[in-house]
Each structure stands twice: as C-alpha cells, then as structure tokens.
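Read off the chains here:
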Amino acid sequence: MSFSDLFGSGEHLRNLSHFASIVNLAAVDGEINEDEELLLKRFARKLDISQEEYDKVIENPKAFPLSAYNSIERRLERLHDLFKIIFADHIIDDEERELIKKYAIGLGFSSQASEGIIERSIQIFSGQLNFEDYRYLLEKEND
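Residues numbered from 1 in each chain as written. Predicted model: local features only at pLDDT ≥ 70, side-chain atom pairs only at ≥ 80, totals over all residues. Heavy atoms only, no water.

Under an unreviewed UniProt entry, the protein has the name TerB family tellurite resistance protein and belongs to Christiangramia sediminicola.

This is how it looks when you write it as structure tokens:
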C-alpha cells in the first residue's frame, strides 16, 4: 500500500508530506522531547493532520523521508507552502523559525541561504514589505 493510498491525495497529501518531513527533522537527534511534541501537535493542527495520521507518522517517521529537490523553484514552492501554513495564525515563534530553518536545509539550501530566505519570507508573510518591493510586486503582476 502506498503513501497516497493511505492518506488521500492533493493538498492534504502535500500537508501530510510537510508534516512527516517536520517530524523527521524533530526526530533526527533521537527521541522527540516534550517541547518538540507540543510543536508537532501545533503543526499537525495547522496542517489538518488527523490523530490517526499523526500517530502513524510519529510511530515511524523514517517511512516518510524528506525529499531534496534539484530545482530551486520546487524548494521555494515547498517553503512557500509551509510559510502559508505557519502564518495561518499570523505568528511565527522561535521554535517554528528554528524548525523551518532545519526544513530549508533538509530541502537542500545552505545554512546561510536558508537564513536569508527565511528572514525575507517572514518579512513578506508578516506584511513588512518596503515600498520598493511592494511596487515591484505590483508591476510584476502587470507583466
């Protein structure tokens, strides 16, 4: 039985893949501690992961490997998806920020590149665009 047979398809499957990747990152140093578990439960709620799905991923996170992508566009798309989910409540806390950095590195970005992308993404998603960026995005729409 395949991953998609167990959990459906489309956006939910992508959310489940994100969640499994996050669990893998949290479990990379061995056991998932209490603080990590609280963060994972918060991500599960944001990603609309059922308790059954949560239990299956927690039970065997290695069954859901993090995929690295050759295309920078695909990597950015994955980060964009995750930022949309994180900012659903309009907040990113330190734990989420640290986990998304690990996620970006897991996708294939260098540590330095991931920090820059994350900082800029936080500015964008929290509405902290300066006027030049705002104008650029508006003009880009008209191209």
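Concerning the layout of surface pockets
Counted as a void, the largest pocket has a volume near 290 Å³. Forming the walls of the largest pocket are Ala26, Asn33, Asp35, Glu36, Leu38, Leu39, Leu40, Arg42, Glu95, Glu98, Leu99 and Lys102. Contributing elements (two or more residues each) for the lining of the largest pocket: helix H3 (34–46) and helix H6 (94–107). The biggest single contributor to the lining of the largest pocket is H3, with 6 residues. Counted by class, the lining of the largest pocket contains 5 nonpolar, 1 polar and 6 charged residues. Volume-wise, the second largest pocket comes out at about 170 Å³. Taken together, Leu76, Leu79, His80, Phe83, Ile117, Ser121, Ile124 and Phe125 form the lining of the second largest pocket. Elements that contribute at least two residues to the lining of the second largest pocket include exactly helix H5 (72–86) and helix H7 (111–125). Of the residues that constitute the lining of the second largest pocket, the class distribution is 6 nonpolar, 2 polar and no charged. (1 Å grid on protein atoms, 1.4 Å probe; cavity = no way out; pocket = protein on both sides within 12 Å on 5 of 7 lines; lining within 4 Å. Points joined across faces, edges and corners; volume = space filled by probe spheres on them. Helix = DSSP H or I, 4+ residues; strand = E, 2+ residues; numbered from the N terminus. Nonpolar A, V, L, I, M, F, W, Y, C, P; charged D, E, K, R; others polar.)

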